[in-house]
Amino acid sequence: MSAPSAAPGRLPPVSGEWIDRSRTIDFRFEGVAYQGFAGDVPSAALWAAGVRTLGRSFKYHRPRGLLSFANHDVNALIQWGARLNLRADVEPLEPGMDLTAVNTFGGVQGDRARVLDLLGAFLPVGFYYKAFHRPRALFPFWERFFRRVTGLGRLDFRAPRLHTPKRYDFADVLVVGAGPSGMAAAVAAGRAGARVVLVDENARIGGSLGWQRGGDTASLERLRALEADLAALPNVSVRPGTLAAGWYADHWIALVDAVRMTKLRARATIVAGGAFEQPAVFRNNDLPGVMLASAAQRLVHRYAVKPMDRAVVLTANADGYRAALDLLAAGVSVGPIVDLRAEGESSGLSERVKQVGIQVLRGHCVLEARGRDGRLCEVTICPWDGQGNASTAAPQKVACDGLVMSTGWAPAAALLYQAGAKMGFDERRQQFVPAALPEGVFAAGRVNGVFTLDNKLADGERAGLEAARLLGFDAPAPRSVAPDLDAASHPWPIVDHPAGRNFVDFDEDLQVKDFLNAAAEGFDNIELLKRFSTVGMGPSQGKHSNMNAIRLLARIRGASPGEVGTTTARPFFHPVPLSHLAGRGFSPRRETPLHSRHAGLGAVWMQAGPWLRPDHYAVPGKRKSENVREEARAVRTGVGLIDVGTLGKIELYGPDAGAFLERVYTGKFANLKVGMTRYAVMLDESGVVIDDGVVARLAEQHFYFTTTTTGAAVVYRELQRWNAQWNLDIGIVNATGPFAAMNLAGPKSRAVLRAITSLDLSNEAFPYLGVRQAEVAGVPARVMRVGFVGELGYEIHVPAHQAGHLWDALMQEGAAHDIRPFGVEAQRLLRLEKGHIIIGQDTDGLTHPDEAGLEWAVKMDKPFFVGQRSVDIVRRRGLRQKLAGFRLDAASAAVAPKECHLVIRDGRIAGRVTSVAFSEVVGAHVGLAFLDPDLSAEGTPFFIRADGGTMVQARVVALPFYDPAGDRQKISG
Amino acid sequence: MRASPLRHVLAPLHPRLEVLHGMPVALHLRDEQPGWAGVLGVCDLSFLPRMGLKGPGAAAWLAERDIPVPAVPNRWEPLPGGGLVARLARSEFLVEDGFPGGPVTGLAAQLQVGPGVYPVPRQDCALALTGSALTELLVQTCNVDFVAQDAAARVVTLTSMVGVSVTVLRLPADGRHVVRLWCDGTMGPYLWETLTGIAGELGGGPVGLDSAFPDRSA
Amino acid sequence: MKILTCPVNGPRPVSEFVYGGEVRPMPDPANTSDFDWADYVFNRSGIPGVKVEWWYHLASGTWFLAERDTVADRVLRTWLPGEEHP
């Protein structure tokens, strides 16, 4: 039914209301049109229109209305298009909203699954652990059934991908919760000069000062005064609509608002997050119309909605009496007040309710509620002894459409737990309160067990001053706060009933007997009880249910709630959209200065750590394998150019430079002549090969050496650490980024290079393995004759800003010689033909130098090098495996093995392939493989298990496969 | 003969180029908006001559050549004719010329390996960020509380920004907000793309040298 | 996330650092039994308590030492190698 613009339940303007009556909003719920106002929330607008069934419960599909109206329950979980599982109690109402309740079959009114409520006897706690797995053939049916029946919301796979950038923020003091305590704390810390951030998850600040008025305007005036105090402090940032979702190490807090997540670093945290009002437990306490007192007060004061026409108040504290007065002021007919306490209320509120004619029944409870058409119509009140025993001899039935409950509170202490606070159960206050707080973490207000308004304000001020003083600000000494006289929570607000349906956890449809059954089955520890019964595991994560569950378990075990304890509260406090967590997504990449040259030549990129490198250069119309082969052929027969700028490069200076190299590498470098290079192998302390490179001596006290691409950062770091311990007189500089490098290789490389440098390139002046510094194409360069790909070649290192100029000059000069750029794939083939290993491919995390054929590079007669002692030990144990070159028989060419394929002998693993490729110059597939030592002799045949289990025969051959004498690298000219 | 690490990411923006200190510099980008530099301009300053050195003798080596060396790590000093010298961590220094010129070329020529003085090659991507939305960009990319830093103390910060190691300092520039950034040249294109993307969201974008520094002499 | 105070760069989030393991004295490789050498190479102490650890600040390339209570996960102090106060 659609409603006129003034819905029947909407009150005349209430001072301090959050709605803007000048802006109406049209929306739909379950296919029916309604109206609300700007500043409204869907459930308030619906309640004002007379809607009472806002959702269906998870298991029994019972009709549900408002319970906490504070996002501490999910009775009203709605979906709007692609936006799932919105909380109708707190989601801002927006024009055009088209809402449905989740988890219904046929709509919230006619939900067919409500039949499950009648089958409740067959669905005891934990039933799904025991049923439906036999007969096994039917299990898939049950699985599909339960997936359909137990979901919340329906995913829309076309939902757009959202990027919500995160940001960092900083503060001296973060205050969580802008109720009276939080505001007082922020004012106190702000006046002391601290940078304060005050957050509150609600749309406006004020907390209970806004809705708990006790029938007069004093609290609203205090709220306005505090707001003015905050506004007068420019160093206090007030952020409503912002949730503190989690507390992480060193005051690192996730703040979540509608737009983004902010990662705030504070130096002190004050938690003034308040407390969750807890429901009383009695039969049918989940009927629409039964709600927490604070829910009714929020409805009235924030949204000007009349919660009910005729209310009974069930209470055990002063808050219930205040609520009664607030309801009366809103035009609700109130009475009786059913006070669980035999002694009733001791404060002046008792007198005030008497003056306005509200009857009070002390020492009574509500035994059960009855509903008609899915809403409350009557409650049954009985005398009771405070221990859970109701006297059913003379029940009083009272007709009503509303029952408000105010029998207890549980602290919103999640952030305190995350910050490492210890909570203890206070018997007098019947609440967990902070027992030990870590330094820099403070609690104030209801979360700290303080309930009266004056004390809450004083407690907040105390916490703010303590925080400011801790951080070194000049603040007066805090005054101590007198403890409240009365408890706000009743120790046992639970009335059992033989017919059950007295709910403890509304998210999970758990009633009292479920706890008794779980404990009877042996799950009588709070952690086990939680997981077996699922209490506290629903979307509200126990906010409205954990305290009653603890009380039940305590009574079952004959212990105190403090002894039973609580489960851990983990982030996030409320659900956080994945789009907020995803943020932008940064994927750093590194490019050599020649990147655009490669792109222009048709490079196909591959990832090498963070770097992009050309895998090969695509020539239109040719397959990758052809391109790679042609690039390799160009190097062997003409000249090729490859960018090797991703190599790590390190400069080493100082009188002890040579000695340092001798300690960190396996070889000898102190005797390396100026102007020469030498291959270097690095081991870790366990003797495993971890890196290799080429060391060039540029001067007596100046070495320049390379590392592998992926090893650069780690090697530089570890060299720094070694010298932090050895204190040799050296300087180490990481030159990886600043130097670009390219390799000009092939029999015609000298001819190309000669044209753009005056350096004497003859074998006599510049021998194989030499290094020279000279200008090449006008660019200051370090030129090395290296042998990685096995042809005459020059590796040229130049400052990065001038690399492009050099590349262009080489390509231009090389054009006359059909120069061909070549990529990583071709380079891997070329080096394989020479039997050169690649660290990390032909070695792994356990490979010792002898296994990889590197014993020649290991000089054990040095006094010390990293890994030396371990090599000695390993050598005495004998060789476990040996890297050997192999060649496939011609017949095997059809099924070529791949890297990591295993060598199999007599049904057991005898090695594995590390590199393999077809070599044009050899005319066969060749590769490297680890083999059992007795298989590694030249000429030995062995079998490799290739794809599909095919056994391929290979034969060990001597390395290198190509140019064994190494003449190609040394040709003169 | 020298090229900025950002040459190929700037090329599609149709820069108007002029060679300064041996490197083509984008004075103006065809599609840049007039207001960008005042909101969040990102400008390539890789062309400025710079040098690095480190070692126990580095501070003395610079002081002997009349360079005002900061006494404390992670501080910078302006050079008399424009430019700056920054002390990076304990005993490493960055010297950069100003727009009209400076001592770098001369110092670099003198720099030879000596006792405790080691050259540090610098082929940075160097950026300037300008504009009123600068703080917002910093809080979206960098977990350092720049607001709490004393602007008069001339602090240098070595930290991480969007996954890249960077050196950051804030220039006092007559009421304008200017931040200088240096990173390894090989990370330059990624840093540029990321920062100009964020700048675009905040109402700014890539700008040429004339827009970012209209008052520079030279 | 945790804050670690680099002796040179000041307090920074722990993501700016690389952990380098507990400081362990290397036995003299020339005068140690195979067993003791292997113990040094492969074994690490899992005993909770206050440990001296290597930490590295990535952006500035600074190695330093930290005394950390591994039970409370609290860093007691940090200093540069060679500059320890007695």
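The rules behind each value
Residues numbered from 1 in each chain as written. Chains lettered and ligands numbered in written order. Predicted model: local features only at pLDDT ≥ 70, side-chain atom pairs only at ≥ 80, totals over all residues. Heavy atoms only, no water. Helix = DSSP H or I, 4+ residues; strand = E, 2+ residues; numbered from the N terminus. Buried < 20%, exposed > 50% of the residue type's maximum accessible area, 1.4 Å probe, protein only. Contact = heavy atoms within 4.5 Å. Areas by Shrake-Rupley, 256 points an atom, 1.4 Å probe, with all protein chains shown as cover. Lys, Arg positive; Asp, Glu negative; His and termini not counted. Charge placed at Lys NZ, Arg CZ, Asp CG, Glu CD. Rg over C-alpha atoms; globule rule 2.2 N^0.38 Å. Polar contact = N/O pair within 3.5 Å; in protein donor to acceptor, adjacent residues only side chain to side chain. Pairing = 2+ DSSP bridges. Axes fitted to C-alpha atoms, helices over the stretch in contact; angles between N-to-C directions. Buried area = accessible area lost by both parts, 1.4 Å probe. Salt bridge = Lys/Arg side-chain N within 4 Å of Asp/Glu carboxyl O. pLDDT = per-residue confidence, 0-100. Phe/Tyr/Trp six-rings, centres within 6.5 Å; stacked < 30°, edge-to-face > 60°. Lys NZ or Arg CZ within 6 Å of the ring centre and 35° of its normal. Core = buried A, V, L, I, M, F, W, Y, C linked by side-chain atoms within 4.5 Å. Domains from an automatic or database assignment. Nonpolar A, V, L, I, M, F, W, Y, C, P; charged D, E, K, R; others polar. Parallel < 35°, antiparallel > 145°, perpendicular 65-115°, else oblique. Left-handed = near helix turned anticlockwise from the far one by under 90°.

## Topic: the overall build of chain B
Summing up its helical and strand segments, chain B has seven helices and 13 strands in all. C-alpha atoms of chain B, sized along the principal axes, occupy 50 × 40 × 30 Å. Burial status across chain B gives 56% buried among its 218 residues. Long-range contacts, defined here as pairs at least 24 residues apart, represent 64% of the contacts in chain B between residues at least 6 apart. For chain B, the exposed surface amounts to about 8200 Å²; the carbon and sulfur share of it is 55%. Charge centroids of chain B, computed over 16 positive and 20 negative side chains, lie 5 Å from each other.

## Side note on the overall build of chain A
When helices and strands are tallied, chain A shows 25 helices and 49 strands. On C-alpha atoms alone, chain A measures out to a radius of gyration of 39 Å, which is more than a quarter above the 30 Å that the 2.2 N^0.38 rule sets for 973 residues. Reported as C-alpha extents along the three principal axes, the dimensions of chain A are approximately 115 × 75 × 60 Å. Split into buried and exposed, the 973 residues of chain A put 60% on the buried side.

## A short note on the side chain of A:Arg62
Residue and element names in this part refer to chain A. Mapping Arg62 onto the fold places it in the loop between strand S3 (55-56) and strand S4 (63-64). Judged by its relative accessible area of 8%, Arg62 falls in the buried class. Polar contacts involving the side chain of Arg62 include one to the side chain of Asn284, which spans 2.9 Å. The contact partners of Arg62, leaving out residues within four places of it in the chain, are Gly55, Arg56, Ser57, Asp117, Asn284, Asp286, Arg501 and Phe503.

## A few points about the sheet that holds strand S13 (residues 252-256) of chain A
Residues and elements named next belong to chain A. The strand order S8-S14-S13-S12 describes an open sheet built from four strands, whose pairing is mixed. Each edge of the open sheet is held by one strand with a lone partner, namely strand S8 (167-170) and strand S12 (243-248). With direction set aside, neighbouring strand axes in the sheet form an average angle of 25°. Strand direction decides the pairing type here: S12 and S13, joined by five bridges, are antiparallel. Within S13, the position partnered with Gly246 by the bridge is Ala254.

## Some points on the interface of chain A and chain B
Facing 39 residues of chain A, the contacting portion of chain B comprises 38 residues. Of the roughly 3300 Å² buried where chain A meets chain B, counting both sides, 55% is carbon and sulfur surface. Three residues stand out in chain A for area buried against chain B, namely A:Tyr168, A:Arg589 and A:His801, and they jointly supply 23% of the buried area on that side. At the surface where chain A touches chain B, the tally comes to five salt bridges. Across the chain A-chain B interface, the total number found is 16 residue pairs in polar contact (both at pLDDT 80 or more). When residues of the side of chain A that touches chain B are traced back to their parent elements, those giving at least two are S8, helix H18 (595-600), strand S34 (648-653) and strand S38 (731-734) of chain A.

## Some details on the confidence of the model for chain B
Looking at chain B, the pLDDT average stands at 94 and 98% of residues meet or exceed 70. As a predicted assembly, this complex carries a pTM of 0.92 together with an ipTM value of 0.97.

## Considering the packing of aromatic side chains
Residues and elements named next belong to chain A. The tally for this structure, following the rule as stated, stands at 36 aromatic pairs over all chains. When the ring of Phe886 is compared with that of Phe942, the centres are 5.9 Å apart and the planes differ by 80°; the resulting orientation is edge-to-face. Taken together, the positions of Phe886 in strand S44 (residues 882-888) and Phe942 in strand S48 (residues 941-945) put the pair 56 residues apart, joining distant regions of the chain. Judged on exposure class, the residue Phe886 and its partner Phe942 are both buried. Three or more aromatic residues joined by ring pairs form one cluster here, namely Phe127, Phe132, Phe141, Trp142, Phe145 and Phe146. The ring of Phe573 carries Lys543 above its face, with NZ or CZ at 4.5 Å from the centroid.

## Looking at the sheet that holds strand S23 (residues 396-399) of chain A
All names here are of chain A. Spatially, S21-S22-S23 is the arrangement adopted by the three strands of the open sheet, whose pairing is antiparallel. Across the chains shown, the open sheet's two edge strands, defined by having one partner strand only, are strand S21 (364-372) and S23. If you compare each strand with its neighbour and ignore which way they point, the axes differ by 25° on average. Bridging between strand S22 (residues 375-383) and S23 involves four bridges; their strand directions are antiparallel. For Val379, the partnering residue across the bridge sits in S23 and is Val398.

## Notes on the nonpolar core
Residues A:Phe27, A:Phe29, A:Phe282, A:Met291, A:Val379, A:Leu403 and A:Leu416 are the most contacted members of the largest nonpolar core, which totals 138 residues. Those residues within four positions of A:Met291 in sequence are excluded, and the remaining contacts are A:Trp47, A:Leu66, A:Leu67, A:Ala296, A:Leu299, A:Pro307, A:Met308, A:Leu403, A:Val404 and A:Met405. Within the second largest apolar cluster, 32 residues are counted, among which are B:Val42, B:Cys142, B:Leu181 and B:Ile198.

## Quick notes on the domain arrangement of chain B
Residue and element names in this part refer to chain B. In terms of domain boundaries, chain B breaks down into domain 1 (7-47 + 123-212) and domain 2 (50-120). Here the C-alpha centre of domain 2 lies 23 Å away from the C-alpha centre of domain 1. The interface of domain 1 with domain 2 comprises 19 residues on the first partner and 15 residues on the second. Both sides of the domain 1 and domain 2 interface together cover about 1300 Å² of buried area, and 62% of this is carbon and sulfur. Broken down residue by residue, the surface that domain 1 buries against domain 2 is led by Arg154, Val156 and Trp182, which jointly contribute 39%.

## Examining the environment of A:Thr736
Residues and elements named next belong to chain A. Looking at the secondary structure, you find Thr736 in the loop between S38 and strand S39 (739-745). Thr736 sits 25 residues away from Leu761 along the chain, and the two C-alpha atoms are 26 Å apart. Beyond its immediate stretch of four places on either side in the chain, Thr736 contacts Arg590, Trp611, Gly645, Thr646, Leu647, Gly648, Lys649 and Ala712. Within the structure, Thr736 has its side chain in polar contact with the side chain of Asn734 (distance 2.8 Å).

## Topic: the interface of chain A and chain C
Facing the 19 residues of chain A at the interface are 22 residues of chain C. The junction of chain A with chain C conceals about 1800 Å² of combined surface from both sides, 54% of it contributed by carbon and sulfur atoms. Counting the contacts that link chain A with chain C gives four salt bridges. A salt bridge links C:Lys2 to A:Asp250; its shortest N-O distance comes to 3.4 Å. On the surface where chain A and chain C come into contact, there are 14 residue pairs in polar contact (both at pLDDT 80 or more). Residue assignment for the side of chain A that touches chain C shows that the elements contributing at least two residues are helix H21 (712-726) and helix H25 (868-877) of chain A. The element that contributes the greatest number of residues to the side of chain A that touches chain C is H21(A), accounting for seven residues. A class-by-class count of the residues in the side of chain A that touches chain C yields seven nonpolar, four polar and eight charged.

## Quick notes on unusual backbone geometry
Backbone torsion omega between A:Gly335 and A:Pro336 reads -5°, so that peptide bond is classified as cis. If you trace the backbone, A:Pro336 turns up in strand S19 (residues 333-339). Residue A:Pro960 follows A:Leu959 across a cis peptide bond; omega there is 0°. Topologically, A:Pro960 is positioned in the segment after strand S49 (951-957). Within the chain, A:Asn85 stands out as a residue other than glycine whose phi angle is a positive 50°. Following the sequence through the fold, A:Asn85 ends up in strand S6 (residues 83-87). Owing to a relative accessible area of 29%, A:Asn85 belongs among the partly exposed residues under this scheme. Here the phi dihedral of B:His14 falls at roughly 55°; this positive angle occurs in a residue that is not glycine.

## Regarding the packing of helix H5 (residues 134-141) of chain B against helix H6 (residues 188-201) of chain B
All names here are of chain B. It is at 10 Å that the axes of H5 and H6 come closest, and there the two elements cross at 130°. In terms of orientation, H5 lies oblique with respect to H6. Both H5 and H6 take part in a crossing whose hand is right-handed. Contacts from Leu137, Gln140 and Thr141 of H5 reach H6 at Leu195, Ile198 and Ala199.

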